[in-house]
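Architecture at a glance
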Amino acid sequence: MKLLKQLNIILLLAALTSCGSKSDEKKALFSIKTNAVKGNISNASALELDIINKKNEVIDSVSYTLDGKSISTGYDLNAHKLGKQPLQAQVYFNGTSQTVQSSITILSATTPKVFQFKIINEYPHDITSYTQGLEFHNGILYESTGQYKASKLRQINYKTGEVLKNIDLADAYFGEGLTVFKDKVYQLTWQKGTGFVYDAASLEKLSSFKYGKSKEGWGLTHNDTHIYKSDGTENIWLLDPETLAETSKIQAYTHKGKITEINEMEWINGKIYANRYQKNGVAIINPKNGAIEGVIDFTPLKGKVTQHDKLDVLNGIAYNPDTKTIFVTGKYWDKLFEVEIITQE
């Protein structure tokens, strides 16, 4: 009986090995050839596609998709999203077909512009606030702060620094970015995979929501149709404002590669302005394709606030539609700066 069992195991292993070999042989029939150099290609280029036919099979036809979109060889990448994109070919031959997988990384064709700034006004800011999110709504500044056992959601009179309303998060949550959309405040937490929804006027908590593929919560902003969420990577996720489900994403890229640690964000004149964690600059991102179109260097600001042991990085950017100006601050900064952006020629 023991010998019979051993024989059955040997036969089973042989069958599995045989099946694997046939599968591997089939997988090796074709591969995708592109004009991408080391997998990278500019969005100013047209994507040229071909099939490497390793066994000289008689191919009837080939269909291609890029990030799920049907394309043909010579596809113009100008309107496509940047970043690493899945490429697939369906090869039809000898009455059957085979799916071939690959990927390309689409880079921006242009170098980001560099912008400087001019300080218009300085206002008081709570030096104990570990600023994560900042946004104006109906003339009031909303701020989300971080750190365990110290995270808050606030309404602030930005001119005086007076806290008009304050909500403390439970000790288990580390507060992150926020945005105010259709009279509701949406606030992220860092690693719990949970966000909260509040009434914008009263700050009464209305509900909570879970994240999808984005593992962490970093920054939020919105336009008229979607909420945008960063998660600490190059990914910026588009959320359905009704369900808060992640419907799609863009990836932040320059002409050289990806930009990670996208943090606090603000929608300004059709672009996403985004802090990068531990950086002194703000990236200006095209929300259609993820291209970094500009960078604002805010390095001098940190030296203009009270210097102390807990002083941390630049973080917090808000656009005031009443003044049509931008406001920035940082973690444990005692000043809020109203600035004007200047083009660097």
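Model, not experiment: these values are computed from the prediction.

**Re the overall build of the protein chain**
Counting its regular elements, the protein chain contains one helix and 29 strands. Expected size for 345 residues packed as a compact globule is a radius of gyration near 20 Å; at 26 Å, the protein chain overshoots this value by more than 25%. Overall, the protein chain is about 80 × 65 × 40 Å in size when its C-alpha atoms are taken along their principal axes. Residues counted as buried form 46% of the 345 residues belonging to the protein chain. For the protein chain, the proportion of contacts with a sequence separation of at least 24, taken over those separated by at least 6, is 53%.

**Thoughts on the pairing of strand 14 (residues 162–168)**
Across six bridges, strand 13 (residues 152–157) lies against strand 14 in antiparallel orientation. Among the inter-strand pairings, Gln-155 is bridged to a residue of strand 14, identified as Lys-165. In this antiparallel pair of consecutive strands, strand 13 and strand 14, the connection spans four residues, and Gly-161 shows a positive phi of 85°.

**Structural notes on the sheet that holds strand 8 (residues 83–93)**
Judged by pairing direction, the sheet is mixed, and its five strands sit side by side in the order 2-9-8-5-6 without closing on themselves. Where the open sheet ends on each side, the last strands, each with one partner, are strand 2 (40–42) and strand 6 (69–71). On average, adjacent strands in this sheet sit at an angle of 40° to one another, irrespective of strand direction.

**Observations concerning the packing of aromatic side chains**
Under the counting rule described, the total for this entry stands at 17 aromatic pairs. Ring geometry for Tyr-173 and Phe-196: centres 5.0 Å apart, planes at 85°, overall edge-to-face. With Tyr-173 in the loop between strand 14 and strand 15 (175–181) and Phe-196 in strand 17 (residues 194–199), this pair connects stretches of sequence that are 23 residues apart. The class of Tyr-173 is partly exposed, set by a relative accessible area of 22%. Note on Trp-218 and Tyr-277: the rings are 5.9 Å apart at their centroids and 90° apart in plane angle, and the pair reads as edge-to-face. Here Trp-218 is found in the loop between strand 18 (205–210) and strand 19 (219–222), whereas its partner Tyr-277 is found in the loop between strand 24 (271–276) and strand 25 (281–285), with 59 residues between them in sequence. By way of ring pairs, the aromatic residues Tyr-130, Tyr-148, Phe-174, Trp-190 and Tyr-332 are connected into one cluster. Seen from the ring of Phe-196, Lys-205 lies directly overhead, with NZ or CZ sitting 4.1 Å from the centre. Lys-331 extends its terminal NZ or CZ atom over the ring of Tyr-130, reaching a point 4.1 Å from the ring centre.

What counts and what doesn't
Numbering of residues starts from 1 in each chain and follows the order in which that chain's sequence is written. Only residues with pLDDT of at least 70 are given local features in this predicted model, and only at 80 or more are side-chain atom pairs given and counted; all residues enter the totals for whole chains, interfaces and linings. As a rule here, side-chain values come from all non-hydrogen atoms in the structure, and water together with hydrogens is ignored. Each helix is a run of DSSP H or I of at least 4 residues and each strand a run of E of at least 2, with the numbering of both proceeding from the N terminus. The globule rule is 2.2 Å times the number of residues to the power 0.38, and the radius of gyration it is compared with is taken over C-alpha atoms. Exposure categories follow from relative accessible area, calculated using a 1.4 Å probe and restricted to protein chains: below 20% of the type maximum is buried, above 50% is exposed, and the middle band is partly exposed. The criterion used for residue contact is that any of the two residues' heavy atoms lie within 4.5 Å. At least two bridges found by DSSP between two strands is the condition for calling them paired. Lines fitted to the C-alpha atoms define the axes, with helices restricted to the stretch that makes contact. Angles between their N-to-C directions range from 0 to 180 degrees. For Phe, Tyr and Trp, rings pair up if their centres lie within 6.5 Å, where Trp contributes its six-membered ring, and each pair is then called stacked (planes under 30 degrees apart), edge-to-face (over 60) or tilted (otherwise). Two thresholds decide whether a charge sits over a ring: the Lys NZ or Arg CZ must be within 6 Å of the ring centre and within 35 degrees of the ring normal.

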